[in-house]
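Listed here are the chains, written in short residue letters.
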Amino acid sequence: MRLTAFTDYSLRVLMYLATRPQEQATISAIATAFDIKENHLTKVVHFLGKEGWITTTRGKGGGMRLARDASAIVVGEVVRSTEGDAMPAECFALEGGNCCISPICMLSGALQEAVDAFYLVLDSYTLEEVVSNRDQIAQVLFVRSKELRAPH
């Protein structure tokens, strides 16, 4: 299963914030750290705020933080929310798609089992666990940000 860029960026934003939970971060800082365009992150940050995973403060001195402890954010929940319903094949559509063997196909059951296993694994991880090496992550992200902002 391949995650969308939206999900990827959502997880990166959350990981960035969880790396330094005591600090407020800006879209600009996160975009620089990951070398992502700010406009891509704007929608992500809005969505994460709407879902209650982050809090945002507008204006000068504004930014964002995790809205709850990283140990309370389950990776599987984030992925489900950002990805929507899993659709590994056309037959998973509400209308059943156009495949002529859908009513008798055994593949859909195997695919559903695979999707369930995928989420079972992701549900076993919290944001806290995926940033348990936060010092190493911070070293890469925050040193990289300084290097990219430095005049050449």
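Quick note: structure is the one above.
Residues numbered from 1 in each chain as written. Predicted model: local features only at pLDDT ≥ 70, side-chain atom pairs only at ≥ 80, totals over all residues. Heavy atoms only, no water.

**Student:** Please explain the layout of surface pockets as it appears in this structure.
**Tutor:** If a probe the size of a water molecule is rolled over the atoms, the empty space left behind becomes visible. Approximately 260 Å³ is the volume attributed to the largest pocket. Looking at the largest pocket, it is lined by 13 residues, and the ones nearest its centre are Ile27, Val45, His46, Thr56 and Arg58. Per-element tally for the lining of the largest pocket: the top contributor is helix 3 (residues 38–50), with 5 residues. (1 Å grid on protein atoms, 1.4 Å probe; cavity = no way out; pocket = protein on both sides within 12 Å on 5 of 7 lines; lining within 4 Å. Points joined across faces, edges and corners; volume = space filled by probe spheres on them. Helix = DSSP H or I, 4+ residues; strand = E, 2+ residues; numbered from the N terminus.)

**Student:** Where do I start with the packing of helix 1 (residues 5–19) against helix 3 in this structure?
**Tutor:** The relative placement of two packed helices comes down to the angle between their axes together with the axis-to-axis distance. Look at helix 1 against helix 3: their axes get within 10 Å of each other, and the N-to-C directions meet at 70°. Comparing the axis directions of helix 1 and helix 3 gives the class roughly perpendicular. Every residue of helix 3 that contacts helix 1 at Phe6, Tyr9, Ser10, Val13 and Leu14 is listed here: His40, Leu41, Lys43, Val44, Phe47 and Leu48. A per-class count over the contact of helix 1 with helix 3 returns 8 nonpolar, 2 polar and 1 charged. (Axes fitted to C-alpha atoms, helices over the stretch in contact; angles between N-to-C directions. Parallel < 35°, antiparallel > 145°, perpendicular 65-115°, else oblique. Contact = heavy atoms within 4.5 Å. Nonpolar A, V, L, I, M, F, W, Y, C, P; charged D, E, K, R; others polar.)

**Student:** Honestly, the environment of Leu66 in this entry has me stumped. Any pointers?
**Tutor:** Along the chain, the position of Leu66 falls in strand 2 (residues 63–66). With 22 residues separating them in the primary sequence, Leu66 and Pro88 have C-alpha atoms 31 Å apart. When sequence neighbours within four positions are dropped, the list of residues in contact with Leu66 reads Leu14, Leu17, Ala18, Trp53, Ile54, Thr55, Ile73 and Leu127.

**Student:** What's the story with the nonpolar core in this structure? I'm lost.
**Tutor:** It is characteristic of soluble globular proteins that their nonpolar side chains tend to be buried jointly. If you look at the biggest cluster of nonpolar residues, it comprises 37 residues, and the most contacted ones within it are Tyr16, Leu17, Ile30 and Leu66. Listing elements by their share of this core, those giving two or more residues are helix 1, helix 2 (27–34), helix 3, strand 2, helix 4 (75–83), helix 5 (107–122) and helix 7 (134–149). When residues in this core are grouped by element, the largest group, 7 residues, is from helix 1. When neighbours within four sequence positions are excluded, Tyr16 is seen to be in contact with Ala25, Ala29, Ile30, Ala33, Phe34, Leu141 and Phe142. (Core = buried A, V, L, I, M, F, W, Y, C linked by side-chain atoms within 4.5 Å. Buried < 20%, exposed > 50% of the residue type's maximum accessible area, 1.4 Å probe, protein only.)

**Student:** Hey, could you run me through unusual backbone geometry in this one?
**Tutor:** Despite not being glycine, Asp35 shows a phi value in the positive range, around 55°. Among the structural elements, Asp35 can be located in the loop between helix 2 and helix 3. According to the relative accessible area criterion, Asp35 is exposed, its value standing at 62%.

**Student:** How do you make sense of the side chain of Ser10 when you look at a structure like this?
**Tutor:** Relative to the helices and strands, Ser10 is located in helix 1. Judged by its relative accessible area of 0%, Ser10 is buried. A distance of 2.8 Å separates a polar side-chain atom of Ser10 from the backbone oxygen of Phe6. The residues contacting Ser10, other than those within four sequence positions of it, are Val44, Leu48 and Thr82. (Polar contact = N/O pair within 3.5 Å; in protein donor to acceptor, adjacent residues only side chain to side chain.)

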